[in-house]
Amino acid sequence: MSCIFCKIVNGEIPSNKVYEDDKIIAIHDLNPQAPVHVLVIPKEHIACADDINESNCEVIGHLFSKIPVIAKELNLDGYRIINNCKEVAGQTVMHLHFHILGGKPLGEKIV
Ligand code: AMP
Ligand code: ZN
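Residues numbered from 1 in each chain as written. Chains lettered and ligands numbered in written order. Predicted model: local features only at pLDDT ≥ 70, side-chain atom pairs only at ≥ 80, totals over all residues. Heavy atoms only, no water.

Participant: Would you explain the coordination of the zinc ion (ligand 2) in this entry?
Facilitator: Six octahedral donors around a metal ideally make angles of 90 or 180 degrees; four tetrahedral donors ideally make 109.5 degrees. Around the zinc ion (ligand 2), the protein contributes the donor atoms Cys3 (SG), Cys6 (SG), His45 (ND1) and His95 (ND1), at 2.0 to 2.3 Å from the metal centre. Sequence positions of the donors to the zinc ion (ligand 2) reduce to the motif C-x2-C-x38-H-x49-H. Linking His45 in the loop between strand S3 (36-42) and helix H2 (58-73) with His95 in the loop between strand S4 (80-82) and strand S5 (98-102), this pair joins segments that are 50 residues apart in sequence. Using a relative accessible area of 33% as the deciding quantity, one classes His45 as partly exposed. (Donors = N, O, S within 2.8 Å, 3.2 Å for Na, K, Ca; no water. Helix = DSSP H or I, 4+ residues; strand = E, 2+ residues; numbered from the N terminus. Buried < 20%, exposed > 50% of the residue type's maximum accessible area, 1.4 Å probe, protein only.)

In structure tokens, the structure reads:
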């Protein structure tokens, strides 16, 4: 499997971990776009948000239930959650992940 995030999950590539449990990890983004930029990633390989379905959505609920825990760990008072779905929307790593951005006022524009 050549997927970068699967390799991070398996420990084949190092990462700066913020949170980990049996279903998800959260790591600092290599190329941060805000003072705090963390990626929350399901351990299971799901390519993109468009591949979420009834049989794999439990992990997504779990992931979202941990975002406040991760945000608290990072001392974030508020934050933006972003998902890029497929190349046309700017997805560059084809393993589902949610960006958590914060640490400064972000403004209202997302594009
Ligand atoms: P996206 O463009 O939504 O697919 O986001 C992919 C993100 O992964 C980008 O913000 C990259 O900076 C980040 N990224 C790529 N490789 C790594 C890595 N090895 N460790 C941490 N973040 C990474
Ligand atoms: Zn993967």
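That covers the picture; the talk isn't over yet.
Participant: Before we go on, may I ask you to explain a nonpolar patch on the surface in this structure?
Facilitator: On the surface, Phe64, Tyr79 and Ile81 cluster together into a nonpolar patch covering about 240 Å² of accessible area. Its place among the elements puts Phe64 in helix H2. Taking the relative accessible area as the measure of exposure, Phe64 reaches 36% and is therefore partly exposed. (Patch = residues over 30% accessible without salt bridge, like charges linked within 9 Å, V, L, I, M, F, W, Y side chains within 5 Å. Areas by Shrake-Rupley, 256 points an atom, 1.4 Å probe, with all protein chains shown as cover. Salt bridge = Lys/Arg side-chain N within 4 Å of Asp/Glu carboxyl O.)

Participant: Whenever I open this one, the pattern of salt bridges confuses me. Can you help?
Facilitator: Should their charged atoms come close, side chains of opposite charge can pair. Per the stated rule, a full pass over the model turns up four salt bridges. Between Lys43 and Glu20 there is a salt bridge whose closest N-O contact spans 2.8 Å. One end of the pair, Lys43, is in the loop between S3 and H2; the other, Glu20, is in strand S1 (residues 17-20), and 23 residues separate them in sequence. Among the residues examined, Lys43 registers a relative accessible area of 22% and is labelled partly exposed. Lys86 is paired through a salt bridge with Asp50; the nearest N and O atoms lie 3.0 Å apart. Of this pair, Lys86 sits in the loop between S4 and S5 while Asp50 sits in the loop between S3 and H2, and the two are 36 residues apart along the sequence. Each member of the salt-bridge network shares a partner with another, and the members are Lys17, Glu20 and Lys43.

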